[in-house]
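# Summary of structural features
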Amino acid sequence: MDDKDLQKTITGIARKAKSLALKGEYTSAIAEYTQGLELLAAPRSASEYAVMLFSGIAEAYYLQGLWDEALKYFGEAIRSEGGLGDPYIHLRLGQIRYRKGEMEKAADELMRAYMGSGKIIFEGEDPMYYALIQSHIE
């Protein structure tokens, strides 16, 4: 499969997977994202699509409150090409760490999210996450 076909296929898979996740069909969404990962050459983390696919799987687990699984896949995303420094991934990692009671790690990740996007990344999220880092900002 050439690059253009791969892009079209991965984009289609990701669109379908996201739609499934938005409907609460998390197992099906994860299966779709996994199908996309299987199309990537080794090492998968070097692909420009890895962050999107790993993050999609992680988000499906996150939305179910499955913190350990979400943490694993957001970790894969952050270790993939272009993942480190992605504010959204750092936000989710911080939220997961918070939920797991790992406040120091949570604050570190949430601060990275803030540094990458500013306060806007916390809009629509529980205020407790921003409150954790607020004293370090002001």
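Residues numbered from 1 in each chain as written. Predicted model: local features only at pLDDT ≥ 70, side-chain atom pairs only at ≥ 80, totals over all residues. Heavy atoms only, no water.

## Some words on the overall build of the chain
- When you go through the chain residue by residue, the secondary structure sums to seven helices and zero strands.
- Counting only C-alpha atoms, the chain reaches 50 × 30 × 25 Å along its principal axes.
- Within the chain, buried positions represent 43% of all 138 residues.
- A fraction of 44% describes how many contacts in the chain between residues 6 or more apart in sequence connect residues 24 or more apart. (Helix = DSSP H or I, 4+ residues; strand = E, 2+ residues; numbered from the N terminus. Buried < 20%, exposed > 50% of the residue type's maximum accessible area, 1.4 Å probe, protein only. Contact = heavy atoms within 4.5 Å.)

## Focus: the side chain of S47
- Note on placement: S47 falls in the loop between α2 (26-38) and α3 (50-63).
- Discounting chain neighbours no more than four positions away, the residues touching S47 are L40 and E81.

## Observations concerning a negative patch on the surface
- Side chains of D2, D3, D5 and E48 sit close together on the surface and give a patch of like negative charge.
- Its location among the elements puts E48 in the loop between α2 and α3.
- Classification of E48 as exposed rests on a relative accessible area of 65%. (Patch = residues over 30% accessible without salt bridge, like charges linked within 9 Å, V, L, I, M, F, W, Y side chains within 5 Å. Areas by Shrake-Rupley, 256 points an atom, 1.4 Å probe, with all protein chains shown as cover. Salt bridge = Lys/Arg side-chain N within 4 Å of Asp/Glu carboxyl O. Lys, Arg positive; Asp, Glu negative; His and termini not counted. Charge placed at Lys NZ, Arg CZ, Asp CG, Glu CD.)

## Describing the pattern of salt bridges
- Under the definition given, this model contains seven salt bridges.
- For the salt bridge of K16 with E32, the shortest nitrogen-to-oxygen distance reads 3.4 Å. One end of the pair, K16, is in helix α1 (residues 3-22); the other, E32, is in helix α2, and 16 residues separate them in sequence.
- Its relative accessible area of 47% is what places K16 among the partly exposed residues.
- Between R92 and E59 there is a salt bridge whose closest N-O contact spans 2.8 Å.

## Some details on the nonpolar core
- Formed by 39 residues in total, the largest nonpolar core has its most connected members in L40, L53, I57, F74, I89, F122 and I133.
- Put simply, the parts of the chain that give this core at least two residues each are α1, α2, α3, α4 (67-78), α5 (87-99), α6 (103-117) and α7 (127-137).
- Looking at this core, the element that brings in the most residues is α3, giving nine residues.
- Filtering out sequence-adjacent residues up to four positions away, L40 remains in contact with I10, S47, Y49, A50 and L53. (Core = buried A, V, L, I, M, F, W, Y, C linked by side-chain atoms within 4.5 Å.)

## Looking at the packing of aromatic side chains
- Scanning the model with the defined rule gives seven aromatic pairs in all.
- Note on F74 and Y88: the rings are 6.4 Å apart at their centroids and 70° apart in plane angle, and the pair reads as edge-to-face. Separated by 14 residues along the polypeptide, F74 in helix α4 and Y88 in helix α5 bring together distant segments of the chain.
- Using a relative accessible area of 0% as the deciding quantity, one classes F74 as buried.
- Of the residues examined, Y88 reaches a relative accessible area of 32% and is grouped as partly exposed.
- Through successive ring pairs, a cluster of aromatic residues spans F54, Y61 and Y73. (Phe/Tyr/Trp six-rings, centres within 6.5 Å; stacked < 30°, edge-to-face > 60°.)

## Thoughts on the environment of L93
- Secondary-structure assignment places L93 in helix α5.
- Here the alpha-carbon distance between L93 and W67, two residues 26 residues apart in the chain, equals 9.4 Å.
- What L93 contacts, discounting residues up to four positions off in sequence, is L71, F74, G75, I78 and E109.

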